[in-house]
Amino acid sequence: MFSNARSISNKYFVIRYQPNQLEVSRLGTAVSKKAVRTSIQRNRLKRIIRESFRHENLSGCDLVVTVRSAVVNADNRVLYQSLRKLWQELLSRCVN
RNA sequence: GGAGUUGGCCAGACAGUCGCGGCUGCGUCGCAAGAUGCAGCGGAGGAAAGUCCGGGCUCCACAGGGCAGGACGCCAGGUAACACCUGGGCGGCGAGAGCCGACGGAAAGUGCAACAGAAAGAUACCGCCUAUCAUCACCAGAGGAUACUCUGGUGAAUGAGGUAAGGGUGAAAUGGUGCGGUAAGAGCGCACCGCGCAAGUGGUAACACGAGCGGCAUGGUAAACCCCGUCCGGAGCAAGACCAAAUAGGUAUCCCAUGGCGCGGCCCGCGCUGGAUACGGGUAGGUUGCUCGAGGCGUUUGGCGACAAACGUCCCAGAUGAAUGACUGUCCAAGACAGAACCCGGCUUAUCGGCCAACUCCGCCU
RNA sequence: GGCUGGAUGGCAGAGUGGCUAUGCAGCGGCCUGCAAAGCCGUGUACGCCGGUUCGACUCCGGCUCCAGCCU
């Protein structure tokens with residue numbers, strides 16, 4: 001994934017993606033200790049990413065979401081909006 | 001009413017919708033392993049953290065002996081154990097409730113103390129001193145032939161000697177004050193204070209009080225080596241066990257049974273047995289360990305207390321890319337620090353606040 | 001999760017209780033027609049907070065950060 005995939009990103013997240021041959025999408029998260037210091041913050045971010053992914057209807061794509069250090073100071077609402085924009089952009093690219 | 005001390009407790013609440021991982025029951029699929037749907041039950045902390053101590057558990061030998069090394073260090077008790085806790089002693093801080101303390105030994109030995117200072121453990125720089133000795137100067141007396149000699153006195157100039165009062169240095173310099181004493185001084189003597197030894201008394205002990213004795217010594221540093229006493233084998237759940245899969249006990253070089261490995265400080269001992277290095281090759285999956293425990297809660301009893309015992313009652317996370325969240329609404333004191341990973345007991349560190357109890361001091365009223 | 005090591009100027013790197021070496025880099029000067037090299041001079045440091053000590057980079061605690069090892 002990390003060597004072959006294409007990626008899109010914004011201030012808070014980086015999403016790497018790669019089409020697969022399945023009917024469902026598969027999600028992986030990688031929240032580094034370097035970007036987010038405390039484990040409770042890392043868990044929170046992974047939950048947010050999963051929750052946001054659950055609400056979207058993507059299919060046939062393998063995804064890995066990584067974070068940037070700015071996420072620590074952002075509140076949940078901002079992060080959800082940020083992720084939604086990324087999913088939509090991803091969707092439009094996949095259609096193309 | 002204000003200021004404070006100590007101990008204990010809580011860690012947003014409620015409702016709705018959508019989700020996550022666990023266990024149990026039932027259904028469906030499947031030979032089975034398991035997958036899946038529904039329902040029910042439960043689902044992070046006081047620090048889960050740091051990994052700083054102490055244990056359990058597992059493997060190494062059943063954890064053995066010695067050396068080395070480490071830890072602890074007032075006393076008694078608690079405990080599975082501890083560097084923790086409780087009670088007490090001593091010292092320090094505070095007006096007090098209270099708080100803090102690595103709190104054994106420097107007369108077993110070795111070392112260290114920069115700079116300054118005379119000197120940093122046995123010494124005397126400046127200073128003080130003519131009582132004593134030698135020299136010198138002066139005066140007086142006696143002897144003698146002017147020389148000179150002897151005796152006595154004065155001076156304190158030089159040396160010897162005495163001294164540790166005073167000065168200055170330093171983080172630290174050989175008890176303090178007063179009187180006597182002396183050439184000057186000095187525990188040299190005395191009084192009081194301090195210090196040391198100590199019969200005895202109280203206390204389990206640490207320790208406290210202390211008749212009496214000693215004129216005063218053994219300066220500091222042991223988070224320097226060290227001595228004394230007590231304790232400690234090593235590694236860690238990525239320990240370890242089981243199942244499945246895969247593969248080649250390969251090749252080369254070197255060493256050698258007083259050897260090598262287990263055993264990771266060393267020696268002994270025990271067990272196993274050829275080993276080391278290089279090259280080449282294989283594996284990276286699952287199950288288990290995994291939560292019932294020195295367990296929680298309540299009552300009674302014993303104890304000042306830490307805690308213990310008895311009885312009753314409850315079952316309270318167990319994930320493995322790793323589960324507790326999101327959204328909406330209401331309320332308030334407006335929610336801090338922060339996420340289990342084998343399990344406990346502590347310590348330390350982070351932390352918005354709130355509640356309860358006991359106690360202290362100050363002010364006012366009765 | 002468990003275990004181990006480290007932190008000294010801008011960089012590298014010594015230092016076993018008494019002033020923190022040394023090299024490279026920087027700055028100024030000498031040298032040179034101009035530079036390089038060389039020579040002379042110069043500034044800058046013990047991760048943080050406590051304790052022991054007369055005195056701590058060093059000894060002892062506690063934090064913070066950075067590396068490495070074990071599946």
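Calculation rules
Residues numbered from 1 in each chain as written. Chains lettered and ligands numbered in written order. Predicted model: local features only at pLDDT ≥ 70, side-chain atom pairs only at ≥ 80, totals over all residues. Heavy atoms only, no water. Near = heavy atom within 4 Å. Polar contact = N/O pair within 3.5 Å; in protein donor to acceptor, adjacent residues only side chain to side chain. Helix = DSSP H or I, 4+ residues; strand = E, 2+ residues; numbered from the N terminus. Nonpolar A, V, L, I, M, F, W, Y, C, P; charged D, E, K, R; others polar. Pairing = 2+ DSSP bridges.

**Some remarks on the protein's contact with RNA strand B**
Around RNA strand B lies a shell formed by Thr29, Thr38, Ser39, Ile40, Asn43, Arg47, Arg50, Glu51, Arg54, Asn76, Arg77 and Tyr80. Across the atoms of RNA strand B situated within 4 Å of the protein, the share located in sugar and phosphate is 65%. Note that a phosphate oxygen of RNA strand B is positioned 3.2 Å from one of the backbone N or O atoms of Ile40. One nitrogen or oxygen atom from the side chain of Arg54 is found 3.2 Å from a sugar or linking oxygen belonging to RNA strand B. Of all elements in the fold, only helix 1 (39–55) and helix 2 (76–95) reach the threshold of two or more residues within the surface near RNA strand B. Here the residues of the surface near RNA strand B are counted per class, giving 2 nonpolar, 5 polar and 5 charged.

**Section: the pairing of strand 2 (residues 13–19)**
In this structure, strand 1 (residues 6–9) lies alongside strand 2, joined through 4 bridges in antiparallel fashion. Bridge pairing in strand 2 places Arg6 opposite Tyr17. Linking strand 1 back to strand 2 in an antiparallel pair, the connection comprises 3 residues. Here strand 2 pairs with strand 4 (residues 61–67) via 7 bridges, running antiparallel. Paired with Gln18 across the two strands is Asp62, which belongs to strand 4.

Interpretation in functional terms is not warranted from these geometric data alone.
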